[in-house]
Amino acid sequence: MSTPGFSVVIPLYNKYEEIERSICSVLNQSFESFELIVINDGSTDGGDQLVEQIDDHRIRLVHQANAGVSAARNHGIREAQSPFIAFLDADDIWKPGFLATIYDLIKRYPQAGAYGTA
């Protein structure tokens, strides 16, 4: 990555109906320097199989026994290879400019430890 990128972490637990929409909102970002780590937290509804069917080299599916959303996020942090981590829930979406906006905030306020938008 020429520009510092993001590790996007999505915890997944039984969100079959929503996960594809969430992933697509990440894949459609205008800021394209990211990896997407989906932590399957012991799903039983086939959501993990749906993730496996999405053909994009930026997606990595990691499995763990069900331990809860916080444990899944922490696992995602340990798996992250980019300098910045962004969290997204499996039933939420981002607008296409979200990561670009966060990256602009990082450049403008490098001393801050966390960034968010309204």
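Here the structure is shown first, and the text comes after it.
Residues numbered from 1 in each chain as written. Predicted model: local features only at pLDDT ≥ 70, side-chain atom pairs only at ≥ 80, totals over all residues. Heavy atoms only, no water.

Take the pattern of salt bridges next. With the rule as written, the count across this model stands at six salt bridges. Among the ionic pairs, glutamate 35 bridges to arginine 60, the shortest N-O distance being 2.8 Å. Linking glutamate 35 in strand 2 (residues 34-41) with arginine 60 in strand 3 (residues 59-64), this pair joins segments that are 25 residues apart in sequence. Taking relative accessible area as the criterion, arginine 60 reaches 23% and is therefore assigned partly exposed. Where arginine 58 meets aspartate 56, a salt bridge forms, and the shortest distance between an N and an O atom there is 2.9 Å. Aspartate 56 carries the same exposure label as arginine 58, and that label is buried. (Salt bridge = Lys/Arg side-chain N within 4 Å of Asp/Glu carboxyl O. Helix = DSSP H or I, 4+ residues; strand = E, 2+ residues; numbered from the N terminus. Buried < 20%, exposed > 50% of the residue type's maximum accessible area, 1.4 Å probe, protein only.)

Glancing now at unusual backbone geometry. Trans peptide bonds make up most of the peptide bonds, and negative phi angles are found at most residues other than glycine. Backbone geometry at asparagine 14 places phi at a positive 50°, although glycine is not the residue there. Relative to the elements of secondary structure, asparagine 14 occurs in the loop between strand 1 (6-12) and helix 1 (16-27). Classification of asparagine 14 as partly exposed rests on a relative accessible area of 28%.

Let us now look at the layout of surface pockets. By volume, the largest pocket amounts to about 220 Å³. Around the largest pocket sit Phe6, Phe84, Ile85, Ala86, Phe98, Ile102, Ile106, Pro110, Ala112, Gly113 and Tyr115, which together line it. Every element with two or more residues in the lining of the largest pocket is listed here: strand 4 (84-87) and helix 4 (98-108). Split into classes, the residues belonging to the lining of the largest pocket amount to 10 nonpolar, one polar and no charged. (1 Å grid on protein atoms, 1.4 Å probe; cavity = no way out; pocket = protein on both sides within 12 Å on 5 of 7 lines; lining within 4 Å. Points joined across faces, edges and corners; volume = space filled by probe spheres on them. Nonpolar A, V, L, I, M, F, W, Y, C, P; charged D, E, K, R; others polar.)

Now for the sheet that holds strand 2. With parallel pairing, the four strands of this open sheet are ordered in space as 3-2-1-4. At either margin of the open sheet sits one strand with a lone partner, and together these are strand 3 and strand 4. Geometrically, the sheet is characterised by an average inter-axis angle of 25° between neighbouring strands, direction not taken into account. As paired strands, strand 1 and strand 2 are joined by seven bridges and run parallel to one another. Looking at strand 2, one finds that valine 8 is bridged to leucine 36. (Pairing = 2+ DSSP bridges. Axes fitted to C-alpha atoms, helices over the stretch in contact; angles between N-to-C directions.)

Another point: helix 1. In this model, helix 1 (12 residues) spans 18 Å end to end at C-alpha, consistent with the 16 Å of a helix rising 1.5 Å per residue. All buried positions along helix 1 are accounted for by Ile19, Ser22, Ile23, Ser25, Val26 and Leu27. (Expected span 1.5 Å × (residues − 1).)

Together, Ile77, Ile85 and Phe87 line one region of the surface with nonpolar side chains, adding up to about 240 Å² of accessible area. Along the chain, the position of isoleucine 85 falls in strand 4. Assessed through its relative accessible area of 36%, isoleucine 85 is described here as partly exposed. (Patch = residues over 30% accessible without salt bridge, like charges linked within 9 Å, V, L, I, M, F, W, Y side chains within 5 Å. Areas by Shrake-Rupley, 256 points an atom, 1.4 Å probe, with all protein chains shown as cover.)

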